[in-house]
Amino acid sequence: MGRTAGRSPHDTRRALLDAAADAVRVRGIHASLDEIARFAGVSKGGLIYHFASKDELILELARDQLAAFQASVDAALDPSDTAPGRLTRAYVRAALAPDGDEAAARESLALITQLMTLPAVAELARADAERLEAALAADGLPADVLALVVAAADGMSTAPLWGASTRTSANRRLAQRLLHLTRHPHLWETLAPEA
């Protein structure tokens, strides 16, 4: 098929990553390069021009997914917020994205689940998680509060994978309470169990 007229190399590369994501969601991690090329509307040779192997394409797709989440965290940073927990609040807002498309969230979670079955992707994700954990740990919140807030946000963000909605009033209240806890971490100490 060759290069599609009017499509820049960057656009073709983006189309290949999007097609790889679609193919992996539909066919699983074993989707072939031929299938991915078809999804993208390019020849297999065109795909190989941009990505020398399926492994290279899959790793770049994983990097792309990780970068997209980091971009959503960065976009959720409030420039006027300079208090401790600023990054954690952005993380919660990005993870819970209340106005987000739940079908898209479900598709993204399904894709990540497929990608994580590959050891190279799991290692890449582990390294990215360590980077993010270090940044969150340096955000100025007590470790217990940080662990609770992040675990709750992570758990709530997977609701679409199980068919549940994240747009419930209970979830919105919980998200607000998590954000409140990051601004008032001393509240956690009032919940400490008695010895």
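Basis of the calculations
- Residues numbered from 1 in each chain as written.
- Predicted model: local features only at pLDDT ≥ 70, side-chain atom pairs only at ≥ 80, totals over all residues.
- Heavy atoms only, no water.
- Helix = DSSP H or I, 4+ residues; strand = E, 2+ residues; numbered from the N terminus.
- Buried < 20%, exposed > 50% of the residue type's maximum accessible area, 1.4 Å probe, protein only.
- Contact = heavy atoms within 4.5 Å.
- Areas by Shrake-Rupley, 256 points an atom, 1.4 Å probe, with all protein chains shown as cover.
- Lys, Arg positive; Asp, Glu negative; His and termini not counted.
- Charge placed at Lys NZ, Arg CZ, Asp CG, Glu CD.
- Expected span 1.5 Å × (residues − 1).
- Core = buried A, V, L, I, M, F, W, Y, C linked by side-chain atoms within 4.5 Å.
- Axes fitted to C-alpha atoms, helices over the stretch in contact; angles between N-to-C directions.
- Parallel < 35°, antiparallel > 145°, perpendicular 65-115°, else oblique.
- Left-handed = near helix turned anticlockwise from the far one by under 90°.
- Polar contact = N/O pair within 3.5 Å; in protein donor to acceptor, adjacent residues only side chain to side chain.
- pLDDT = per-residue confidence, 0-100.

## Description of the overall build of the protein
Right, on to step 1. Per the secondary structure count, the protein includes 10 helices and zero strands.
Right, on to step 2. Judged by the C-alpha coordinates and their principal axes, the protein covers about 70 × 35 × 30 Å.
Right, on to step 3. Considering the protein as a whole, with its 195 residues, one finds that 35% of them fall into the buried category.
Right, on to step 4. In the protein, of all internal contacts separated by at least 6 residues, the share reaching a separation of at least 24 is 68%.
Right, on to step 5. Surface exposure of the protein reaches about 11,000 Å², of which carbon and sulfur atoms provide 59%.
Right, on to step 6. Distance from the positive charge centre (21 side chains) to the negative charge centre (25 side chains) of the protein: 5 Å.

## Section: helix H1 (residues 9-27)
Right, on to step 1. Its 19 residues give H1 an end-to-end C-alpha distance of 26 Å, which sits within 8% of 27 Å, the value for a rise of 1.5 Å per residue.
Right, on to step 2. The inward-facing, buried residues of H1 abut helix H2 (33-40), helix H3 (44-50), helix H4 (54-76) and helix H6 (102-115).
Right, on to step 3. Two residues or fewer after H1 comes Gly-28, characterised by a positive phi angle close to 90 degrees.

## Brief notes about the nonpolar core
Right, on to step 1. Ranked by internal contacts, the top residues of the largest apolar core, which has 23 residues, are Ile-36, Leu-47, Leu-57, Leu-61 and Leu-115.
Right, on to step 2. Of all the elements in the fold, those that place two or more residues in this core are H1, H2, H4 and H6.
Right, on to step 3. Ranked by residues supplied to this core, first place goes to H1 with seven residues.
Right, on to step 4. Setting aside anything within four residues of it in sequence, one finds Leu-47 in contact with Leu-16, Leu-33, Ile-36, Ala-37, Val-42 and Leu-57.
Right, on to step 5. One finds Ala-90, Tyr-91, Val-92 and Leu-136 within the second-largest nonpolar core, a separate group that totals 22 residues.

## Brief notes about the packing of H4 against H6
Helix-helix packing is described using two parameters, namely the angle between the two axes and the distance between the axes.
Right, on to step 1. With their axes 11 Å apart at the nearest point, H4 and H6 run at an angle of 135 degrees to one another. Between H4 and H6, the interaxial angle falls into the category oblique. Helix-helix and strand crossings are classified by hand; for H4 and H6 the assignment is left-handed. Within the contact between the two elements, H4 uses Ile-58, Leu-61, Ala-62 and Gln-65 and H6 uses Ser-108, Leu-111, Ile-112 and Leu-115.

## Some points on the side chain of Thr-182
Right, on to step 1. Tracing the backbone shows Thr-182 in helix H9 (residues 169-183).
Right, on to step 2. On the accessibility criterion, Thr-182 (1% relative accessible area) is buried.
Right, on to step 3. Within polar-contact distance, the side chain of Thr-182 engages the side chain of Arg-89 at 3.1 Å.
Right, on to step 4. Beyond its immediate chain neighbours, meaning those up to four positions away, Thr-182 contacts Pro-84, Thr-88, Arg-89, Leu-141 and Val-149.

## Some words on the confidence of the model for the protein
Right, on to step 1. Of the residues in the protein, 93% reach a pLDDT of 70 or more, and the chain-wide mean stands at 88.
Right, on to step 2. Here H6 is the element of the protein with the lowest mean pLDDT, 84, and helix H7 (residues 119-137) is the one with the highest, 96.

## Concerning the side chain of Asp-64
Right, on to step 1. Summarising the element assignment, Asp-64 is placed in helix H4.
Right, on to step 2. Residue classification places Asp-64 among the buried residues on the basis of a relative accessible area of 19%.
Right, on to step 3. A polar contact is formed between the side chain of Asp-64 and the side chain of Arg-14, at a distance of 2.7 Å.
Right, on to step 4. If we ignore the near neighbours within four places in the chain, the residues touching Asp-64 are Arg-14 and Leu-17.

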